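What follows is the residue order along each chain.
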Amino acid sequence: MKLPHKTLSALALCLLQTCALAQSGAQSSTQNPTAVAKLDLDVGEQVIDYDVSNDSATSWVIVKNAQGYSLKQWHFASQQILSYTPPAQVSLQALAIHPADNSVILLTRNNAGVSRIERLDSTAPQWKTHVIYQTNKPLRRLMISAAKLSPSYLQDPKARDAHRIYFAQSNGKAWTTYSVRDDGSAAYSVIGADIVPLHKDEEWDGSPFQMQQGSTLPASLHPSGLALLVQDEASCFTKLNYVVNDWSIDKDISKDHKKSICGGFLAWSRNGLYLQHWRKNTPGVQLYSTVSNDTIKLLPDLNFISPPSSLPDGQHLLVLTQDLKQQQHLQKLAVNIPAGDIKNAWMFLHDKQDVATIDQYGGAFRPIDWQDWLTPQMYSLYDAEAYQCAAGTEVPKRPYLVSTDLFWENIAAAYEGLFILHERHAVMPHLDAFLRSAITHYATLSAPANTTSFAKIMYAAAVVRDKKALNQVPEALRLQVKDEVAKIETASANEISPLTGSPLDYSEFKPRGHYDSDDNSARYFRAVRYLAMQKLSTETLSEIKQLPKPLTAAATTWARSYDSLIAPSRATLAWSSQTPASATYARESDPEAKLFPLGWGFDNEIFHNTTYRQNWPKELQVSPNHPRALPSGLDIAAVLGSDLAYTLLQGDFKKFPSLENRIKALKQQAPSAIQPKHSLYHAWINALATEFATPPDSLPPNSKQLWQTKRLQTGLASWATLRHANVLVNDITGAQGGQGGFVFETVQHAPPRGGVEPDPASFHHMADLLEQIAQHSHQLSAQWPKTKSIQDTSQAYQKRIQEAAALLRQLADMASRQNQGKELSAKEYDLIEKIGASAEHDFLLFKSVYNADGAMKQPDPIAKVADVAKSNGTRLLAAVGHPLEWDQSVGKPGARQLMRAAIYSYYEMTAAETMTDEEWREVEDKTTRPAWVKPYVLKQALACAKVR
């Protein structure tokens, strides 16, 4: 902030319309005004102006005494002072630090009446400056815009981009706000009493904004350089906005003077969220929020003799005081401005809740405004900044933070893509071959051999898969088989089977996950689920043992086709006595052999151990006096290492006394149970353990709780996605009981410098998982048809997965270097800015295999649901909702910036029936988020950044 001249006491102030004046929201900041650093001037010395370096380490101060002027460089930490003495005939009237190169720009006047704007050469052994602008007229005020501007028609087209300097020039009667580029070119009058019209651009018949009015002085530039406050002759303020390539009056403010007051001095805070209001002879400085009615009083017990200046770190003010002996003191004082050190806070925070949450936690989650053109996918947010907000270059792009969630979703697409390819090219053909063999076998037999209980099961499964098979069903059974198939397709309720006479939960046959996308997949889902749910009697098992070996071999081939993709089972395979249960970590095996043993992952085992088991020893029961019927996803997270999940379960630990011991025991068992070598399913669970683990100390300390919450939600949503992909083959546990026109100078926004979520370990583990998927794809493709198109698809798929793994390795390396405080390269920053396009390409490629023709089509929205447990007719559903935005502050205190990322949203709910993804999407907006997430979720979606 620049010091006004002696007429300052007569100046007044009009607050902007965006600044609420209601005092009801006023706060008083009671910081101890003990100086962090202090410069005591000699009696008789007078401070004329001062400014602070961009790194907040030094202050440049113009001092006047009886001998003349001097320029002092004051180092806060060491208290070292370097002095520069101008020629005797030169008076120093104002200074400003250049926001780009930290150079000192001076406003001077010599004895001949020549006023100059000069750049100091601080490396020269003697006083040396380079003249930028000069005039015989008086000049005052000096400020430099942070916005870099392109050259215009006023310059050589080859001229460099430059920053503009703003100052006031007098005609002897009044002041006019002027501007000149920092290379000395294209000076012109902007607004005020003495406007000199510029010649028009001949090509477009236009000229830049100029406005004739009374006397004006430049008062403050917004930290972005995209807004300017000018002070008029009535001592009120007008706000100008720099829109795309020129200034314009902010009409929303200028048209409403009912909320305006005058008096004092006004400037933006360094984070752009507040207007600092100072009055002479009034203690302290008042902050007015630009996004709410809040006001804050800083340093309320201290009188300043000039407007205070905000340090770039946003955490200190540089103030000038004077004691009773008329001795002046320049002091660096600590202040508490909400989100003060977040330099781009103005781009992210829109209301009081935003400010409070970001200030408390260093970040927040918020919903995303899914406009018609914005597909609800994880990568979509990374496209929005380019297409939604910055298309006209009105404001700079907000930086991105590359979240692990973006790639968990791509891993899910790759895994499910492999799953679908293998089903389509191997498993479905194996099932169809097995069912054909079974029907053919029974066609050779006569009654009663062809109407046994097992034969009925085979008939029903075959007809579910292919309606034409009904013609091969014995006449005596056709009506029963038709009734059974109708109930399977209706998937309504738990009833007695008309075919077998046994109870059967027909709701289990409701296709979900990717199986409800087409008729063939839906019929496959019903047939497999029907076979998997059959309870086999001793008589039926004996019959199976007598079946022809080619038939049992075909059945075994089908049933074992998923082995490397899914979790091991705790049930034995009915087709072969040589196939024992493989889930060795299971406390109890399934006593019944199965036609298709469902997967029993370690997550199932966790749920099985954390719900009531009537037949278990009393000390292991959760809990005999008050049975725990349904588990929680928090159980899995706690076992896999989430301290936050463990804390959130404290209420359940008190309610169910043995639960905590079960969790502790499972934590000990987990490392050996989830070895990646067991299957891709456990490779995924193993990688999630890194996500659930306590995060490293690589974000601001106040963000630790928020980041733990984010990681917990990410891990649970990714686990729900895994369960969604395995919805057919997994068991579930159950408790018992722009346009053309004139262009002046276009803002040249620097490319945003984004970052990578500071968790290199998770990125490495995700890369490991992708490489395992590629390896499994190579191995499984040996079972697929040897046609050129299928083999080409397989090879291309594996190659792209390996390339995606390499990208994750690169991101891990970038995260590691950022954690060490090292800068990334320009190419790496560019990679971050364009990460959305890269992730979208991979995601769509992986999803393309879902389509039989391999075409890239619009994928379904990300929201999905899976039932993961049940008890007494009630199901626990784990769901992924629309992505949330994560706005997170990164960087060292005093130099933080907010970055935006897309992350998962996770839900748990109970329901009487299973739910399809489409049904879940219809109720998501009405479903309450987990209580442990809600405190961090803001109400409003992030709007495009606007200078207020």
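Procedures and definitions
Residues numbered from 1 in each chain as written. Predicted model: local features only at pLDDT ≥ 70, side-chain atom pairs only at ≥ 80, totals over all residues. Heavy atoms only, no water. Helix = DSSP H or I, 4+ residues; strand = E, 2+ residues; numbered from the N terminus. Buried < 20%, exposed > 50% of the residue type's maximum accessible area, 1.4 Å probe, protein only. Areas by Shrake-Rupley, 256 points an atom, 1.4 Å probe, with all protein chains shown as cover. Lys, Arg positive; Asp, Glu negative; His and termini not counted. Charge placed at Lys NZ, Arg CZ, Asp CG, Glu CD. Axes fitted to C-alpha atoms, helices over the stretch in contact; angles between N-to-C directions. Left-handed = near helix turned anticlockwise from the far one by under 90°. Contact = heavy atoms within 4.5 Å. Nonpolar A, V, L, I, M, F, W, Y, C, P; charged D, E, K, R; others polar. Pairing = 2+ DSSP bridges. Parallel < 35°, antiparallel > 145°, perpendicular 65-115°, else oblique. Expected span 1.5 Å × (residues − 1). Bend = angle between axes of the 7 residues up to and from the residue. 1 Å grid on protein atoms, 1.4 Å probe; cavity = no way out; pocket = protein on both sides within 12 Å on 5 of 7 lines; lining within 4 Å. Points joined across faces, edges and corners; volume = space filled by probe spheres on them. Phe/Tyr/Trp six-rings, centres within 6.5 Å; stacked < 30°, edge-to-face > 60°. Lys NZ or Arg CZ within 6 Å of the ring centre and 35° of its normal. Core = buried A, V, L, I, M, F, W, Y, C linked by side-chain atoms within 4.5 Å.

J.: Can you lay out the overall build of the protein chain for me, pointing to particular residues and giving the numbers?
T.: Looking only at helices and strands, one finds 22 helices and 37 strands in the protein chain. Overall, the C-alpha framework of the protein chain stretches about 125 × 65 × 55 Å when taken along its three principal axes. Looking at the 948 residues of the protein chain, the share that counts as buried comes to 60%. Carbon and sulfur atoms form 49% of the exposed surface of the protein chain, whose accessible area is close to 37500 Å². The protein chain carries 94 positive and 96 negative side-chain charges, and their two centres are separated by 3 Å.

J.: So what's going on with the packing of helix α19 (residues 788-819) against helix α20 (residues 826-833)? Which residues, and what values?
T.: Axis separation between α19 and α20 bottoms out at 12 Å; the angle between their running directions is 115°. Seen from above, α19 lies across α20 with left-handed handedness. Judged by residue contacts, Leu807, Gln810, Met814 and Arg817 of α19 engage Glu828, Leu831 and Ile832 from α20. Residues that form the contact of α19 with α20 fall into these classes: four nonpolar, one polar and two charged.

J.: Pulling in residues and values, what's your account of the pairing of strand β14 (residues 188-192)?
T.: Most of β14 sits inside the fold, with five of its five residues counted as buried. As paired strands, strand β13 (residues 175-181) and β14 are joined by four bridges and run antiparallel to one another. Looking across to β14, one finds that Thr176 is bridged to Gly192. Count of turn residues in the β13/β14 antiparallel hairpin: six residues, of which Gly184 carries a positive phi of about 90°.

J.: Let's hear about the packing of helix α6 (residues 453-465) against helix α9 (residues 538-545): which residues, and what values?
T.: Any two packed helices are characterised by the angle at which their axes cross and by the distance between the axes. Taken N-terminus to C-terminus, the directions of α6 and α9 make an angle of 75°; their axes are 9 Å apart at the nearest point. Taken together, the axes of α6 and α9 lie roughly perpendicular to each other. Touching Ser453, Phe454 and Ala455 of α6 are Thr540, Glu543 and Ile544, all from α9. Broken down by class, the residue content of the contact of α6 with α9 amounts to three nonpolar, two polar and one charged.

J.: Outline helix α5 (residues 404-443), listing residues and values.
T.: Taking 1.5 Å of rise per residue, the 40 residues of α5 would be expected to cover 58 Å, and the 55 Å separating its terminal C-alpha atoms lies within 8% of that figure. Maximum bend of α5: about 50°, positioned at Glu423. Within α5, 31 of the 40 residues are buried, which leaves the element mostly enclosed by the surrounding structure.

J.: Outline helix α15 (residues 659-673), listing residues and values.
T.: For α15, with 15 residues, the first-to-last C-alpha span of 20 Å sits near the 21 Å given by 1.5 Å per residue. Maximum bend of α15: about 30°, positioned at Lys667, with proline Pro671 one to four residues after it. All buried positions along α15 are accounted for by Leu659, Arg662, Ile663, Leu666, Ala670 and Ala673. In this fold, the buried residues of α15 make contact with α11 (602-609), α12 (633-639), α13 (643-648), α14 (650-655) and α16 (680-692).

J.: Quick one: what's the story with the layout of surface pockets, residue by residue and with numbers?
T.: Roughly 1300 Å³ of volume is contained in the second largest pocket. For the lining of the second largest pocket, the leading source of residues is strand β30 (residues 503-505), giving three residues.

J.: Let's hear about the side chain of Ser59: which residues, and what values?
T.: Within the secondary structure layout, Ser59 lies in strand β4 (residues 58-65). By relative accessible area, which is 0% here, Ser59 ends up buried. Those residues in contact with Ser59, other than ones at most four positions away along the chain, are Tyr50, Asp51, Val52, Lys72, Gln73, Trp74, Phe76, Leu318 and Leu330.

J.: Which residues make up the packing of aromatic side chains, and what values go with them?
T.: The full count for this structure, using the stated rule, is 28 aromatic pairs. Aromatic side chains Tyr382 and Tyr400 sit 5.1 Å apart centroid to centroid with 55° between the ring planes, which places their arrangement in the tilted category. Note that Tyr382 is positioned in helix α4 (residues 381-389) and Tyr400 in the loop between α4 and β28 (401-402), a separation of 18 residues in sequence. Given a relative accessible area of 2%, Tyr382 falls into the buried group. Summarising the aromatic geometry, the rings of Tyr646 and Phe653 are spaced 5.2 Å apart at their centres and angled 65° between planes, so their arrangement reads as edge-to-face. The residues Tyr646 and Phe653 share a single accessibility class, namely buried. Members of the aromatic cluster, joined through ring pairs, are Tyr415, Phe419, Phe434, Phe454, Trp558, Tyr562, Trp575, Phe596 and Trp684. The ring of Trp175 is capped by Arg140, whose NZ or CZ atom sits 5.2 Å from the centre of that ring.

J.: Provide a residue-level description of the sheet that holds strand β3 (residues 46-52), including the pertinent values.
T.: The antiparallel open sheet is built from four strands, whose spatial order is β3-β4-β5-β6. Each edge of the open sheet carries a strand with a single partner, namely β3 and β6 (81-84). Across the sheet, the mean angle separating the axes of adjacent strands is 20° when strand polarity is ignored. Direction of pairing for β3 relative to β4: antiparallel, over a ladder of six bridges. Bridge pairing in β4 places Tyr50 opposite Val61.

J.: Explain the sheet that holds strand β36 (residues 897-903) residue by residue, including any values.
T.: Read across the sheet, three strands follow the order β27-β35-β36 without closing on themselves; strand pairing throughout is antiparallel. A strand with exactly one partner marks an edge of an open sheet, and here the two such strands are β27 (363-366) and β36. The sheet shows a mean angle of 20° between the axes of neighbouring strands, taken without regard to direction. The pairing of strand β35 (residues 884-890) with β36 spans seven bridges and is classified as antiparallel. For Leu884, the partnering residue across the bridge sits in β36 and is Ile903.

J.: Before we move on, could you go through the nonpolar core and cite the residues and values that matter?
T.: Ranked by size, the top nonpolar core spans 180 residues in total, and within it Phe434 and Trp719 carry the most contacts. It is α5 that provides the largest number of residues to this core, a total of 20 residues. Excluding residues within four positions of it along the chain, Trp719 makes contact with Asp603, Phe607, Gly633, Ile636, Ile685, Leu688, Val868, Ala878 and Tyr906. One finds Tyr242, Leu299, Phe304 and Phe348 within the second-largest nonpolar core, a separate group that totals 59 residues.

J.: Can you lay out unusual backbone geometry for me, pointing to particular residues and giving the numbers?
T.: Note: most residues except glycine have negative phi, and most peptide bonds are trans. Of note, the amide linkage connecting Ala447 to Pro448 takes the cis form, showing an omega dihedral of 5°. In this structure, Pro448 sits in the loop between α5 and α6. If you check the backbone angles, Gln79 has positive phi at about 65° while not being a glycine. Topologically, Gln79 is positioned in the loop between β5 (68-75) and β6. Backbone geometry at Asn102 places phi at a positive 70°, although glycine is not the residue there. When you line up the elements, Asn102 lands in the loop between β7 (90-97) and β8 (104-110).

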